[in-house]
2 protein chains.
Amino acid sequence: MLILIGLGMKFDDLTLQAVDYIRGADVVYIDTYTNIYEDYSKLIELVKSKKYKLAGRNDLEGDSISRIVEEASRWNVAILVPGDPLIATTHEALRVEAVRKGVKVVVVNGLSIATLAFSRTGLHFYKLGRTITLTYNRESAEYVVNAIYDNISRGLHTLVLLDIKVEESKAMSIPEAVEILLESDKKGVLGERVAVGIARLGFSNEFIVADLTENLGNYAYPPPPHSIIIPGDLHFMEIESLRYNCRLPIGVYEKLAGGRI
Amino acid sequence: MLILIGLGMKFDDLTLQAVDYIRGADVVYIDTYTNIYEDYSKLIELVKSKKYKLAGRNDLEGDSISRIVEEASRWNVAILVPGDPLIATTHEALRVEAVRKGVKVVVVNGLSIATLAFSRTGLHFYKLGRTITLTYNRESAEYVVNAIYDNISRGLHTLVLLDIKVEESKAMSIPEAVEILLESDKKGVLGERVAVGIARLGFSNEFIVADLTENLGNYAYPPPPHSIIIPGDLHFMEIESLRYNCRLPIGVYEKLAGGRI
């Protein structure tokens, strides 16, 4: 059996079902490369009685897929993934290959930034437009800004995920991202719009702040993972949420509530 | 302190953090009206040593908000909500009012259909366009179909949530929804597109199936909650996922993989 288990962001995000499946597994791979996780030590404490491996990209992708599927045909193999195990597309090839080979697959879902970002800020999930990743590849910036324009034109919010390259110890920060976005903003509409900076969402030192995009780079954020939401049209209740959940400065709040930005 | 706790869909979806906060609460409200939850009995077992209430709309909205905030200024008050506590907009007014009154608020996130629907099917979350609810109000059907058209024109997927009125013991089924959608499909484009029917997502009797929309009403689904995804453009890996995760019939799969629909 192949068991894909989402870890959420920190140890306490484990579901009861995840704990059960981890306890029942014969072999455990801990994905250490697709995202940043707060607390590997408690996780290792939980699995230490069994065969486990801190797994890099080479252990879980490409040629490793058929090896893991073969292993899962004989043992209970658990793959532990930060966040939800399948919201990023990384491990879908592994799942499909297992099903194709007749190996049973269980998915144990975990908390994902995709919903947490809305739940924590109070912005409305049903107004989420296309989600997009801003990468270090400069060509992506234009693509991202166009996606934001398109979402804004339809009144929709954009969740901008910032590049993470765990294996290179590299992750984009909100100030870096703001600089890239404003440089690529040919229409010059983003600077004076409100945006939300989200740092270490769901970690114990989570930091969320709303401000004009042009000011969003000026805050002292804890280390990545970072992401940004660029809201589309705002319901009055969302404006309250930005003020009370996301510390929107009072001056900006008053302009926004008064319809002056 | 006000603690908003997401339950996910079933008891085993509780996170370790949720269990801790429920154990530490003085007063517990269990939201029984915003969504369907598989397993109230185990939850009541967990909270039974303290003051708890199965809460309807009147207990948590409108005039009750200031009463609960006042209670939370003196005690640890936990509100237990199926799914994630804030992905629907229902309880946001309660949170904002608490923060406004200086009462500490903790959000303990839970699994949400918004991400599970993508994680389980293998469709790509980053291609999710605007999410929309199909209600029993017939006027909503036209709005929903237009949102689907708009998403399709951008290559994006549409998550269609189906109406649930728990307090009236009424919930829309996939066959009902398919009939409404096809009737409102003025352009006649939906029938021969592939769609995914998702019943009791995350429950122990979860049932997911992909087929042409015009055939999607013909399956024997377990009872609601139900929802539907209408995909936009499909990556070849997503087509594999529809076949291997969602039982897309082989004939439809071959047409789809061959670019013939």
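Residues numbered from 1 in each chain as written. Chains lettered and ligands numbered in written order. Predicted model: local features only at pLDDT ≥ 70, side-chain atom pairs only at ≥ 80, totals over all residues. Heavy atoms only, no water.

A. The arrangement of the sheet that holds strand S10 (residues 194–199) of chain A in detail. Residues and elements named next belong to chain A. Pairing within the open sheet is mixed, and its 5 strands lie in the order S6-S7-S12-S10-S11. Of all the strands in the sheet, the pair left with one neighbour each is strand S6 (132–134) and strand S11 (207–212). The average undirected angle you get between the axes of adjacent strands in this sheet is 25°. Two elements, S10 and S11, share 6 bridges in a ladder whose sense is antiparallel. Its bridge partner lying in S11, Ala199 is registered against Phe207. (Pairing = 2+ DSSP bridges. Helix = DSSP H or I, 4+ residues; strand = E, 2+ residues; numbered from the N terminus. Axes fitted to C-alpha atoms, helices over the stretch in contact; angles between N-to-C directions.)

B. Region of the structure containing the sheet that holds strand S11 (residues 207–212) of chain B. All names here are of chain B. Pairing within the open sheet is mixed, and its 5 strands lie in the order S6-S7-S12-S10-S11. In this open sheet, the two strands that pair with only one neighbour each are strand S6 (132–134) and S11. With direction set aside, neighbouring strand axes in the sheet form an average angle of 25°. Pairing of strand S7 (residues 158–162) with strand S12 (residues 226–230) involves 4 bridges; the strand directions are antiparallel. Paired with Thr158 across the bridge in S12 is Ile230. Sitting on the sheet, helix H7 (residues 138–153) is in contact with S6, S7 and S12, with an inclination near 145° to S6. (Contact = heavy atoms within 4.5 Å.)

C. Inspection of unusual backbone geometry at higher detail. Residues and elements named next belong to chain A. Note the cis peptide between Pro224 and Pro225, where omega equals 10°. Of note, Arg200 is a non-glycine position whose phi angle comes to about 50°, a positive value. Owing to a relative accessible area of 13%, Arg200 belongs among the buried residues under this scheme. For Arg247, which is not a glycine, the phi torsion comes out positive at approximately 50°. (Buried < 20%, exposed > 50% of the residue type's maximum accessible area, 1.4 Å probe, protein only.)

D. Spotlight on the pattern of salt bridges. Going through the model one piece at a time under the given rule, you end up with 32 salt bridges over all chains. The partner of Arg95 of chain A in a salt bridge is Glu92 of chain A, and the shortest N-O contact between them spans 2.8 Å. Within this pair, Arg95 of chain A and its partner Glu92 of chain A are both found in helix H5 (residues 92–100), separated by 3 residues, close to a single helical turn. Arg95 of chain A sits in the buried class, given a relative accessible area of 3%. Given the relative accessible area of 4%, Glu92 of chain A is considered buried. Here Glu61 of chain B ties to Arg57 of chain B by a salt bridge, and the two come within 3.2 Å at their closest N and O atoms. Residue Glu61 of chain B is classed as partly exposed on the basis of its relative accessible area, which comes to 22%. Classification of Arg57 of chain B by relative accessible area gives partly exposed; the value is 39%. In the salt-bridge network here, residues are joined through shared partners; they are Glu97, Arg100 and Lys101 of chain A together with Glu240 of chain B. (Salt bridge = Lys/Arg side-chain N within 4 Å of Asp/Glu carboxyl O.)

Function-wise, these values are silent; they only describe arrangement.
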